[in-house]
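Single-letter residue listing:
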2 protein chains.
Amino acid sequence: MKKINSMNPVKGSALAEGAVACPAPVSGHTSIQMAHGGGGRLSHELIEKLFFPAFANAALEERHDGAVLDLGDERLAFTTDSHVVSPLFFPGGDIGKLAVCGTVNDLAMCGARPLWLSAGFIIEEGLPMETLKRVVESMRSAAGEAGVQLVTGDTKVVDRGKGDGLYINTAGIGRLNRTGLVPSRIRPGDAILLSGDLARHGIAVMALREGLEFEGGVESDCASLVRPVMALLDAGVDVHCLRDLTRGGLATALVETAGTAGMQFRIDETLTPVNETVRGACEILGLDPLYVANEGRLIAFLPEEQAEAALETLRRFDETGGACVIGRVMREGSGTVTLKSAIGVDRVVDMLSGEQLPRIC
Amino acid sequence: MKKINSMNPVKGSALAEGAVACPAPVSGHTSIQMAHGGGGRLSHELIEKLFFPAFANAALEERHDGAVLDLGDERLAFTTDSHVVSPLFFPGGDIGKLAVCGTVNDLAMCGARPLWLSAGFIIEEGLPMETLKRVVESMRSAAGEAGVQLVTGDTKVVDRGKGDGLYINTAGIGRLNRTGLVPSRIRPGDAILLSGDLARHGIAVMALREGLEFEGGVESDCASLVRPVMALLDAGVDVHCLRDLTRGGLATALVETAGTAGMQFRIDETLTPVNETVRGACEILGLDPLYVANEGRLIAFLPEEQAEAALETLRRFDETGGACVIGRVMREGSGTVTLKSAIGVDRVVDMLSGEQLPRIC
């Protein structure tokens, strides 16, 4: 566990106490930048330097998609996500589907079967009632598909110009029947699997925002991964760790996981599938598909000899039908991820730096 | 359980499907008004007509501050609240303290000991880093006092002009060792206790917003009620139901609880304590203290013969030091709350109608 740092405690009324001494800025920034929410380096630093020291505890220290918690003889997973995607509706989904899938996926990544969700709505004054109804109906449908119940909620309304239509927070509780799937279980020699093609969500939202149309169109990959993950675990595959790819894309998820696990990964770029339309869109927009957001893709770390069985199980589901092996855990280390590029050159993969696609989820 | 209504299902891409048929508006409103988030009649209708039909399940149907859920041999409470208070800092607290206390109080109202919190931050671009640090430190302090751990979180950043500094969602999990405290356990003859004087939070925030200064000042009652509630339960008092008073004040909490319980309540206005400065402020601002927001007050329903023991326990704590009996459950009925006024006249108390104090929590 990390030591609680020595920031000035605020007792009673912060206002009444007057200003506290100005603390050291995070990454040299004295105010919040868009990139602090982008899922890349600045997000990572904000969490590591501000939130973790304040709330130090063992569950947080696992740095996973959710917290794994013991309650009597039961083991729970608990996670939360706020959703601020713009626009609210996009090809392949909407903020409601995203809010449910994002949270159930985080629970599934812990190896937990999602049971219950909460929903907190922050609505901007003037939002059409019909928009809210469509979003709620979409949440209902997504919750049904993932087998979770929405059991508690909250609604707040903010004045015009103090929101952007609708923000939704979902928190979720899942149940684990086994040891949690955590980065610390990753071992040298593990195969690294990817569940499908990259960058659909980011490109679908970005194309809509920029008014771009691509032949054939691009739909977000937004989906619940609960069914394939439960099937993988039920099939007895000894999965060591799962991680869903969201903001910051595959690259950021790999770098974060390698760092937490204290391992070195090697990925073969020619093995990472990207749809041709998506690849073309990335080229036009100047984006690297490795860093573009996904909302229905995962990576799995598991013993190499079980990779075939895992692929066979995942490929039985539409949402993970494109599963493939993309690389391997090389050895213990300081968390370097190496990418063998299409032309056979190795390069070191870094976390997303700055903000690539703001408000993508 | 309520029947799921027949709103148009949104399958796959809502966008690709085009507009769904325009559903019936809620309360004749075709768009969201500030009062839909005010905790009064419009909030109530939005929840009853839009959210409940979509997500029908037994936990929601209890209409309590949190959901009570069975997991193996364990019984959990689960709740969520988003916080959008403006300004972020006020006498007696800030958005961080409010976010922690609001959620642990909701768990305590279910009779649960709060264990774990999640926190979802929606930050407006440009928020001073120092402000965020003060809020986080305040959350750390409040969590420590309430004995809960913040175990998982999420950070999103929205563009300038699409937020208002900072919104915080907290969800919480608590553990119950007993039957949940729910409105359906309220019985005719139960005493109704109030834990302290009314309307401090609403007046403290409103005075700050309006630039009003009152002699002696008014501090928010914002506080964790976990310690006194746990003491009450540990003392063996057979509490039937607890409810904390937030948006909509005492009046709205009573009317909602009476409706859910199917009971008639009678309250004596002369027994409801209001601090003199707060009363004066209410008069100047044209507010009825019965409808003004509180953030550290509760009402308790319990057998009349146990009222003395309950008061004695509650009065041992600063945060519930002003506990008193304010009325009684008269009989089964359709949920009417009658108030005996200071001049001895009975009147029927209604839920807050419209928006009294926007963004008070």
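Residues numbered from 1 in each chain as written. Chains lettered and ligands numbered in written order. Predicted model: local features only at pLDDT ≥ 70, side-chain atom pairs only at ≥ 80, totals over all residues. Heavy atoms only, no water.

Q: When you look at the pairing of strand 2 (residues 74-83) of chain B in this model, what are you seeing that I'm missing?
A: On any regular strand, side chains alternate: one points to one face of the sheet, the next to the other face. Residues and elements named next belong to chain B. The element strand 2 is extensively covered by neighbouring structure, given that nine of its 10 residues are classed as buried. Connecting strand 1 (residues 67-71) to the next strand, strand 2, in antiparallel fashion are two residues, including Gly-72 with a positive phi near 60°. As defined by bridge partners, strand 2 adjoins strand 7 (residues 166-176) across nine bridges and the pair is classed as antiparallel. Across the sheet, residue Ser-82 finds its bridge partner in strand 7, namely Asn-169. (Buried < 20%, exposed > 50% of the residue type's maximum accessible area, 1.4 Å probe, protein only. Helix = DSSP H or I, 4+ residues; strand = E, 2+ residues; numbered from the N terminus. Pairing = 2+ DSSP bridges.)

Q: Please clarify how the domain arrangement of chain A should be interpreted in this entry.
A: Where interface size is quoted, it is often the accessible area lost as the parts come together. Residues and elements named next belong to chain A. Domain parsing of chain A yields domain 1 (31-176) and domain 2 (183-349). Contact with domain 1, which involves 29 residues of that partner, is made by 30 residues of domain 2. Contact between domain 1 and domain 2 buries roughly 2400 Å² in total, counting both sides, with carbon and sulfur atoms accounting for 59%. For the domain 1 face of the interface with domain 2, the top three residues by lost area are Pro-91, Asn-105 and Met-109, together amounting to 21%. Across the pair Arg-113 and Asp-234 runs a salt bridge whose closest N-O atoms are separated by 4.0 Å. Here domain 1 is connected to domain 2 by seven residue pairs in polar contact (both at pLDDT 80 or more). In terms of residues, the side of domain 1 that touches domain 2 owes the most to one element, helix 4 (residues 95-109), which gives nine residues. (Domains from an automatic or database assignment. Contact = heavy atoms within 4.5 Å. Buried area = accessible area lost by both parts, 1.4 Å probe. Salt bridge = Lys/Arg side-chain N within 4 Å of Asp/Glu carboxyl O. Polar contact = N/O pair within 3.5 Å; in protein donor to acceptor, adjacent residues only side chain to side chain.)

Q: Help me understand the sheet that holds strand 2 (residues 74-83) of chain A, please; the structure alone is not making it clear to me.
A: Sheet strands associate in pairs through backbone hydrogen bonding, adopting either a parallel or an antiparallel arrangement. All names here are of chain A. The five strands are arranged 1-2-7-5-6 in an open sheet whose pairing can be described as mixed. A strand with exactly one partner marks an edge of an open sheet, and here the two such strands are strand 1 (67-71) and strand 6 (149-158). Each neighbouring strand pair of the sheet contributes to a mean axis angle of 20°, computed without reference to strand direction. Each of strand 2, strand 5 (113-124) and strand 7 (166-176) touches helix 4; the most contacted strand, strand 2, lies at about 150° to it. (Axes fitted to C-alpha atoms, helices over the stretch in contact; angles between N-to-C directions.)

Q: I keep staring at the interface of chain B and chain A and nothing clicks. Help me out?
A: Counting residues at the interface gives 103 residues for chain B and 103 residues for chain A. Buried area between chain B and chain A, summed over both chains or domains, comes out near 8800 Å², and the portion from carbon and sulfur atoms is 69%. Counting every contact that joins chain B to chain A gives eight salt bridges. Put simply, B:Lys162 and A:Asp164 hold a salt bridge, and the shortest N to O gap is 3.7 Å. The tally of links between chain B and chain A comes to 20 residue pairs in polar contact (both at pLDDT 80 or more). Residue classes in the side of chain B that touches chain A are distributed as 52 nonpolar, 29 polar and 22 charged. (Nonpolar A, V, L, I, M, F, W, Y, C, P; charged D, E, K, R; others polar.)

Q: Where do I start with the relation of the copies chain B and chain A in this structure?
A: Each of the two copies of the chain can be brought onto the other by a rotation about an axis and a shift along it. Mapping chain B onto chain A calls for a rotation angle of 180° and an axial translation of 0.0 Å; the resulting RMSD is 0.0 Å. Such a combination of rotation and displacement between the chain copies is what one expects of a two-fold axis. (Least-squares fit on C-alpha atoms with pLDDT ≥ 70 in both.)

Q: Is there a simple way to think about the pairing of strand 2 of chain A in this case?
A: Relative to strand 2 of chain A, strand 1 of chain A runs antiparallel, the two sharing five bridges. Note that in strand 2 of chain A the partner of A:Ala67 across the bridge is A:Phe78.

Q: Help me understand helix 10 (residues 307-314) of chain A, please; the structure alone is not making it clear to me.
A: Residues and elements named next belong to chain A. Along helix 10, the residues that are buried comprise Ala-307, Ala-310, Leu-311, Thr-313 and Leu-314. Taken around the axis of helix 10, the buried residues stretch over an arc of 165°, which confines them to a single face. Set apart from the buried face of helix 10 by more than 90 degrees, the exposed residues are Glu-308 and Glu-312. Those residues of helix 10 hidden inside the fold are in contact with strand 8 (191-194), helix 7 (226-234), strand 11 (298-302) and strand 12 (324-332). (Arc of directions from axis to C-beta.)

Q: Can you help me understand the side chain of A:Arg247 in this one?
A: Of note, A:Arg247 is situated in the loop between strand 9 (241-244) and helix 8 (249-261). Among the polar contacts made by the side chain of A:Arg247, one reaches the main-chain carbonyl oxygen of B:Thr155 at a distance of 2.8 Å. Ignoring anything within four residues of it in the chain, the contact list for A:Arg247 reads A:Gly37, A:Gly38, A:Gly39, A:Ala293, A:Ile360, A:Cys361, B:Asp154, B:Thr155 and B:Lys156.

Q: Hey, could you run me through the packing of aromatic side chains in this one?
A: By convention here, two paired aromatic rings are described through the distance between centres and the angle between planes. Residue and element names in this part refer to chain A. On inspection of all chains with the given rule, the structure shows five aromatic pairs over all chains. Between the aromatic rings of Phe-265 and Phe-301, the centroid separation amounts to 5.0 Å while the plane-to-plane angle is 40°, which identifies the pairing as tilted. Taken together, the residues Phe-265 in strand 10 (residues 263-268) and Phe-301 in strand 11 connect sequence positions 36 residues apart. Using a relative accessible area of 0% as the deciding quantity, one classes Phe-301 as buried. In this structure, Arg-134 is placed above the aromatic ring of Phe-89, and the distance from its NZ or CZ to the ring centre is 4.0 Å. (Phe/Tyr/Trp six-rings, centres within 6.5 Å; stacked < 30°, edge-to-face > 60°. Lys NZ or Arg CZ within 6 Å of the ring centre and 35° of its normal.)

Q: What's the story with the pattern of salt bridges in this structure? I'm lost.
A: Oppositely charged side chains can pair when the atoms bearing their charge come close. This model, assessed by the stated rule, comprises 42 salt bridges over all chains. A salt bridge links A:Asp164 to A:Arg359; the shortest N-O distance between them is 3.0 Å. On the criterion of sequence distance, the pair formed by A:Asp164 in the loop between strand 6 and strand 7 and A:Arg359 in the segment after strand 14 (346-349) is long-range, its members being 195 residues apart. With relative accessibility at 8%, the residue A:Arg359 sits in the buried group. Via salt bridges that share partners, A:Asp81, A:Arg247, B:Asp154 and B:Lys156 belong to a single interconnected network.

Q: I would appreciate a short explanation of the sheet that holds strand 11 of chain A in the present structure.
A: Residues and elements named next belong to chain A. What the seven strands build is an open sheet, ordered 9-11-8-12-10-13-14; its pairing is mixed. Each edge of the open sheet is held by one strand with a lone partner, namely strand 9 and strand 14. On average, each strand axis in the sheet is tilted by 25° relative to the strand beside it, whichever way the strands run. As defined by bridge partners, strand 10 adjoins strand 12 across five bridges and the pair is classed as antiparallel. Bridging across to strand 12, Ile-267 finds its partner in Gly-327. Sheet strands in contact with helix 4 are strand 9 and strand 11, and its direction is about 165° off that of strand 9.

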